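Structural features, examined
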Amino acid sequence: MIHSVTLKNIVKIYNPGLFSLKVDKLNLTNDRIHVINGPNGSGKSTLLNLISTIEKPDKGSVLFNNEPLNGLGKKIGVLMQKHYLFNLTVFENVALGLKLRNYPRSKITPAVTKMMQKLKISHLSDRGVKTLSGGERRRVSIAQILVLTPRILLMDEPTSNIDAQNIFAIEEAIKQIHKKFAPLTIITTHCLNQAFRLSSNIISITDGKITDFLHENVFFGEATKTNEGLKTIKIAKDKEVSFITEKQGNIYIAIDPQNIIISKNIVPTSARNHLCGTVEKAEFCGPCVRLLIDVGAPLYATITRQSFKELGINLGATVCASFKVNSVKVL
Ligand code: ADP
Ligand code: MG
C-alpha cells in the first residue's frame, strides 16, 4: 500500500529576515527512500522536524495520506540530531520500544539480537550506554528506532560522527528495513555521496528552498563564446570554466564533484578546464573524501580516501582541479 506525506504551502520563519523555510508543495511516498541534502544551515533539520510534527509551521499543512498527522505517534520513528538514550544497557535500550508496546520476551530477544548484529553493536550488548563513544551511541539509537519497524521513518543525519565501515552498516540496515517493510523513509544528510548511495530521490535544499539542482558547484554568469567554439563563464577573478552549449546570456552551470580530477600540479590531459586553489576542508564520506577547494570561488571535488592519502593532501595545500568541457552541465 502506498503511503504519502504531503507538505502544502509551508512557511517556517526562525529569524525574521535571516532564515525562513518555504515549501509550496512536496509529496513523498513510501515506494522509495527520500534524502534531503543541502549544506549546513540550509534547513534540512527544520524540514524533517516539520514532517515529524516536532515543529509547527507558521503557515501551511503537513498531511499523511491526505489527513492531518494525528494519532500516528507510535508509528513514527524519529532519529533527531540529538537523540537521548536511557541509562540502561545497550540491549535494554534497543528493546525498550518493543517492551513499551507489550511485545512478549520471546519476540523481543530475537528482534533485538538481529538488529544489534546488523548495526555491529552485538559486542556492546551488556554495556551501559554511558560507557560508549558518540558513534557507538548513535548506532544504538538507530537500532532502537529500526527495531520498531515504524511506518514513517525520519532520520536526521544518521551517520554523523560515524566511521567509514559503520556508515555502510547503517546504510545497509536502512535499505533492508525499507525493502522489507517499506516505511515512508526520509533521511537528511549533508553528504551528497551518501544521498546517491541511499536514494533515487534527492531533495536538494538551499537557504530554506527546494531547488531542482544539486547544490554543489553551481555557478552563474554570462556565457561568452571562445575561438574554439566553446562557451565560458567567469566563476571568479581570472577563473573561467569552458563548456559546450547553444545557450546564450546569463546561465547556471553545475560541475559534478565526482568528475573532477585532483592533482598536485597541472598535468597534460584532455581536460580543458584547470582550476588551481587551496584545500579548505576535507570531509570523509564513507570511502570518499569531499574536498572544498578555494579556487577564487568554492569548488567541491570528491576523490577516494586512497587518492587523498597517495597525493598527501593537507589543509592549505595547493591543488589543481581538472575536468572536461562535457563534465559541465548547463542547467
Ligand atoms: P540544517 O539541518 O540544514 O543544518 P537547520 O534546519 O538546522 O539546518 O537550520 C536552518 C536555519 O534555521 C539555521 O540558520 C538555524 O540557525 C536556524 N534554526 C534552526 N532551528 C532553530 C530554532 N529552534 N530557533 C531559531 N533558529 C533556528
Ligand atoms: Mg541539521
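Provided above is the structure to which this section pertains.
What comes next concerns the included structure. Here the residue numbering is sequential within each chain, running from 1 through the sequence in written order. Key to labels: chains lettered from A, ligands numbered from 1, both in the order written. The model is predicted, so local features are restricted to residues of pLDDT at least 70 and side-chain atom pairs to those at 80 or more, both for listing and for counting; the totals for chains, interfaces and linings are taken over all residues.

Secondary structure elements are defined from DSSP: runs of H or I of at least 4 residues count as helices, runs of E of at least 2 residues count as strands, and each element is numbered from the N terminus. The helix and strand tally for the chain stands at seven helices and 20 strands. Considering only C-alpha atoms, the chain reaches an extent of 75 × 45 × 35 Å along its principal axes. Here the C-beta atoms are placed from the backbone, and a residue counts as buried if at least 20 other C-beta atoms lie within 10 Å of its own, exposed if 12 or fewer do, and partly exposed otherwise. Counting every position in the chain, which comprises 331 residues, the buried fraction comes to 36%. In this description, any two residues whose backbone-derived C-beta atoms lie within 7 Å of each other are considered to be in contact. In the chain, the share of contacts with a sequence separation of at least 24, taken over all contacts with a separation of at least 6, comes to 69%.

Further remarks concern the sheet that holds strand β15 (residues 261–263). Paired through backbone hydrogen bonds, the strands of a sheet run either parallel or antiparallel to each other. If you walk across this open sheet you meet the five strands as β15-β19-β16-β17-β18, and the pairing is antiparallel. If you trace the sheet from one side to the other, it starts and ends with β15 and β18 (298–304), each paired once. Across the sheet, the mean angle from the axis of one strand to that of its neighbour is 45 degrees, orientation sign disregarded. For strand β16 (residues 273–285) and strand β19 (residues 318–323), the ladder comprises six bridges, and the chain directions are antiparallel. Counterpart to Gly-277 in the pairing with β19 is Val-319. Between any two strands, pairing holds if DSSP finds at least two bridges. The axes used here are C-alpha line fits, helices contributing only the stretch in contact, and every angle between their N-to-C directions lies in the interval 0 to 180 degrees.

Before going further, it helps to examine helix α3 (residues 105–118). Note: α-helices contain 3.6 residues per turn, so residues at a spacing of three or four share the same orientation. What a helix is expected to span follows from its residue count: subtract one and scale by 1.5 Å. Over its 14 residues, α3 extends 20 Å from the first C-alpha to the last, a length consistent with the 20 Å expected when each residue adds 1.5 Å. Among the residues making up α3, those that are buried are Val-112, Met-115, Met-116 and Lys-118. Across the axial projection of α3, the buried residues extend over an arc of 150 degrees, all falling on one side. Of the residues in α3, the exposed ones pointing more than 90 degrees away from the buried face are Ser-106 and Pro-110. The elements touched by buried residues of α3 are α2 (90–100), α4 (134–146) and α5 (164–181). The first or second residue beyond α3 is Lys-120, which carries a positive phi of 55 degrees. Note that the arc is defined by the directions from the helix axis to the C-beta atoms.

Glancing now at the pairing of strand β12 (residues 231–236). The side chains of a regular strand alternate between the sheet's two faces. Judged from the two bridges that link them, strand β11 (residues 218–225) and β12 form a sheet pairing that is antiparallel. Looking across to β12, one finds that Lys-225 is bridged to Lys-231. Taking the residues that link successive antiparallel strands as the turn, the β11-β12 hairpin has five residues, and the phi of Gly-229 there is positive, at about 85 degrees. Pairing of β12 with strand β13 (residues 239–243), which is carried by five bridges, proceeds in the antiparallel orientation. Bridging across to β13, Lys-234 finds its partner in Glu-240. Taking the residues between adjacent antiparallel strands as the criterion, β12 and β13 are bridged by two residues, where Asp-238 takes a positive phi near 60 degrees.

Within the secondary structure, Ala-143 sits in helix α4. Taking C-alpha positions, Ala-143 is 9.6 Å from Val-90, a pair spaced 53 residues apart along the chain. Beyond its immediate sequence surroundings of up to four residues, Ala-143 is in contact with Val-94, Met-115, Met-116, Leu-119 and Ile-121.

So, about the packing of α2 against α4. Contact geometry of α2 with α4 gives a least axis separation of 7 Å together with a crossing angle of 30 degrees. It follows from the interaxial angle that α2 and α4 lie roughly parallel. Note that α2 runs across α4; the crossing there is right-handed. Contacts between α2 and α4 pair Val-90, Asn-93, Val-94, Leu-96 and Gly-97 from the former with Val-140, Ala-143 and Gln-144 from the latter. Three categories are distinguished: nonpolar for Ala, Val, Leu, Ile, Met, Phe, Trp, Tyr, Cys and Pro, charged for Asp, Glu, Lys and Arg, and polar for the others, with Gly belonging to the last. In terms of residue class, the contact of α2 with α4 is built from five nonpolar, three polar and no charged. When an angle is under 35 degrees it counts as roughly parallel; over 145 it counts as roughly antiparallel; between 65 and 115 it counts as roughly perpendicular; any other value is oblique. By convention the crossing between two helices is left-handed if the near helix lies anticlockwise of the far one by an angle smaller than a right angle, and right-handed if it lies clockwise.

For each residue, a C-beta atom is placed from the backbone, and the residue is labelled near a molecule or strand when this atom is within 6 Å of it. What surrounds ligand 1 is the set Tyr-14, Asn-15, Phe-19, Gly-38, Asn-40, Gly-41, Ser-42, Gly-43, Lys-44, Ser-45 and Thr-46. For the shell around ligand 1, the elements supplying multiple residues, two or more each, are β1 (4–15) and α1 (44–51). Looking at which element gives the most residues to the shell around ligand 1, the answer is α1, with three residues.

Further remarks concern the pairing of strand β8 (residues 184–189). Among the six residues of β8, six are classified as buried, and the element is accordingly described as predominantly covered. Side chains of β8 alternate between two faces, with Leu-184, Ile-186 and Thr-188 and Thr-185, Ile-187 and Thr-189 buried alike. Bridge count between strand β7 (residues 152–156) and β8: five bridges; the pairing is parallel. By the bridge assignment, Ile-152 is partnered in β8 with Leu-184. Crossovers are marked right-handed if the path from the first strand over the helix to the second runs clockwise, as seen with the strands pointing away from the viewer. Once you follow β7 into α5 and on to β8, the crossover reads as right-handed.

A word on the sheet that holds strand β20 (residues 328–330). Ordered by their spatial adjacency, five strands build an open sheet running β13-β12-β11-β14-β20, and the pairing between neighbours is antiparallel. If you trace the sheet from one side to the other, it starts and ends with β13 and β20, each paired once. Ignoring strand direction, the axes of neighbouring strands in this sheet form an average angle of 40 degrees. Taken together, the three bridges between strand β14 (residues 249–255) and β20 define a ladder with antiparallel strand orientation. Bridging across to β20, Ala-254 finds its partner in Lys-329.

Before going further, it helps to examine α1. Of all eight residues in α1, seven are buried, a share of seventy percent or more. Taken as a whole, α1 has its buried residues at Lys-44, Thr-46, Leu-47, Leu-48, Asn-49, Leu-50 and Ile-51. Two residues or fewer after α1 comes Thr-53, characterised by a positive phi angle close to 65 degrees.

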